[in-house]
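Chain and residue survey
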Amino acid sequence: MKRHINIAIDGPSGSGKSTLAKNLAKRFGLVYIDTGALYRTVGLYVRKQGVSSDDREGIIRCLEKIDIKMTLENGGNAVYLNGTKIGDEIRTPVASVYASDVSKIPEVRAFLLDIQRETARNNDCVMDGRDIGTVILPDADVKIFLHASDDDRAERRYGELTQKGQDVKLEDIKNDMTKRDANDRNRDIAPAVPASDAIVFDNSGFAEEQTLEKAAEIIRKTIQTV
Ligand code: DC
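An account of the accompanying structure is given in this report. Only a predicted model underlies this, so the values are computations on that prediction, with no experimental measurement involved.

1. Thoughts on helix α5 (residues 106-122)
- Given a rise of 1.5 Å per residue, 17 residues ought to cover 24 Å, and the 25 Å separating the end C-alpha atoms of α5 matches this to within 8%.
- In α5, a bend of some 30° at Leu 113 exceeds every other bend along the element.

What follows is the structure, encoded as structure tokens:
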């Protein structure tokens with residue numbers, strides 16, 4: 001059986017990973033998989049149970065009651081939590097903190113591993129996350145680690161959230177983001193760092209189109225058949 005094309009896009013929040021991954025999916029006819037949505041969904045369940053985000057044992061107990069499914073819809077992935085489709089409730093600042101906190105727990109990462117690998121095994125896809133190139137898909141065809149300056153990233157995230165109608169302040173976004181990134185980067189398990197064979201791409205000051213063109217060029221050079 002022909003192996004599917006897998007492209008890994010990792011990097012900190014606000015680096016433009018999801019926008020780039022969506023655009024690449026369209027450009028190359030791939031499925032876009034947002035793995036952060038899985039951690040956000042676990043975080044949502046934990047929070048709804050009234051379990052604190054630093055209650056490790058409580059979070060691990062929650063996993064027994066969580067059934068997560070991913071379906072492919074409109075070129076991307078939808079996530080179902082115990083049969084209910086998850087929407088924008090996982091995109092709030094508090095949901096981001098919960099997602100980052102639950103993602104430090106090895107049992108949570110193990111719980112979400114198979115669903116990610118299986119999706120990649122069955123689809124030509126571009127997957128965005130923190131550990132796709134290092135842990136989930138070490139044999140990905142192309143690995144890009146996308147990052148940008150703190151100011152650029154905070155402004156992008158601010159733009160996204162205010163466009164969705166959320167009442168947020170740029171300064172708060174920047175503080176939350178730098179804290180969360182340190183949390184993701186310095187954790188013991190699957191830290192958000194580039195794989196040794198990843199192409200590190202700093203897109204500070206780049207418009208969305210420029211980021212797409214540069215990444216598309218990296219991909220074409222690496223996989224001559226796309
Ligand atoms: O990509 P995102 O901002 O939606 O991710 C939310 C959190 O989930 C992020 O702070 C860290 C965690 N995460 C992870 O640990 N590994 C991934 N592959 C994706 C996300």
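2. Things to note about the side chain of Asp 128
- Mapped onto the secondary structure, Asp 128 falls in strand β6 (residues 125-129).
- Nearest to the buried, unbridged Asp 128 among oppositely charged side chains is Lys 17, at 4.9 Å.
- Polar side-chain contacts of Asp 128 include one of 2.8 Å to the side chain of Tyr 32.
- Here Asp 128 is in contact with Ile 9, Lys 17, Ser 18, Ala 21, Tyr 32, Ile 33, Asp 34, Thr 35 and Gly 36, once residues within four sequence places are set aside.

3. Thoughts on the pattern of salt bridges
- Going through the model one piece at a time under the given rule, you end up with 17 salt bridges.
- The closest approach of N and O atoms between Asp 181 and Arg 153, which form a salt bridge, is 2.6 Å. Of this pair, Asp 181 sits in helix α8 (residues 170-186) while Arg 153 is found in helix α7 (residues 150-163), placing the two residues 28 residues apart along the sequence.
- One continuous salt-bridge network, built from bridges that share partners, spans Arg 130, Asp 184 and Arg 187.

4. Digging into the packing of aromatic side chains
- Enumeration over the complete set of coordinates arrives at one aromatic pair.
- For the pair Phe 201 and Phe 206, a centre-to-centre distance of 5.6 Å together with 70° between the ring planes defines the contact as edge-to-face.
- Under the relative-accessibility criterion, Phe 201 is labelled buried at 3%.
- For Phe 206, a relative accessible area of 31% corresponds to the partly exposed category.
- Between the NZ or CZ atom of Arg 47 and the centre of the ring of Tyr 98, over which it lies, the distance is 6.0 Å.
- In this structure, Lys 214 is placed above the aromatic ring of Phe 201, and the distance from its NZ or CZ to the ring centre is 5.0 Å.

5. Overview of the packing of helix α1 (residues 17-28) against helix α9 (residues 208-222)
- It is at 10 Å that the axes of α1 and α9 come closest, and there the two elements cross at 60°. When the interaxial angle is binned, α1 and α9 end up oblique. When the axes of α1 and α9 are compared, the crossing they make is right-handed. Counted together, Thr 19, Leu 20, Asn 23, Leu 24, Arg 27 and Phe 28 of α1 and Glu 208, Thr 211, Leu 212, Glu 213, Ala 215, Ala 216, Ile 219 and Arg 220 of α9 form the full contact between these two elements.
- Tallied by class, the residues present in the contact of α1 with α9 amount to seven nonpolar, three polar and four charged.

Reading guide: rules and limits
- Residues numbered from 1 in each chain as written.
- Predicted model: local features only at pLDDT ≥ 70, side-chain atom pairs only at ≥ 80, totals over all residues.
- Heavy atoms only, no water.
- Helix = DSSP H or I, 4+ residues; strand = E, 2+ residues; numbered from the N terminus.
- Expected span 1.5 Å × (residues − 1).
- Bend = angle between axes of the 7 residues up to and from the residue.
- Buried < 20%, exposed > 50% of the residue type's maximum accessible area, 1.4 Å probe, protein only.
- Lys, Arg positive; Asp, Glu negative; His and termini not counted.
- Salt bridge = Lys/Arg side-chain N within 4 Å of Asp/Glu carboxyl O.
- Polar contact = N/O pair within 3.5 Å; in protein donor to acceptor, adjacent residues only side chain to side chain.
- Contact = heavy atoms within 4.5 Å.
- Phe/Tyr/Trp six-rings, centres within 6.5 Å; stacked < 30°, edge-to-face > 60°.
- Lys NZ or Arg CZ within 6 Å of the ring centre and 35° of its normal.
- Axes fitted to C-alpha atoms, helices over the stretch in contact; angles between N-to-C directions.
- Parallel < 35°, antiparallel > 145°, perpendicular 65-115°, else oblique.
- Left-handed = near helix turned anticlockwise from the far one by under 90°.
- Nonpolar A, V, L, I, M, F, W, Y, C, P; charged D, E, K, R; others polar.

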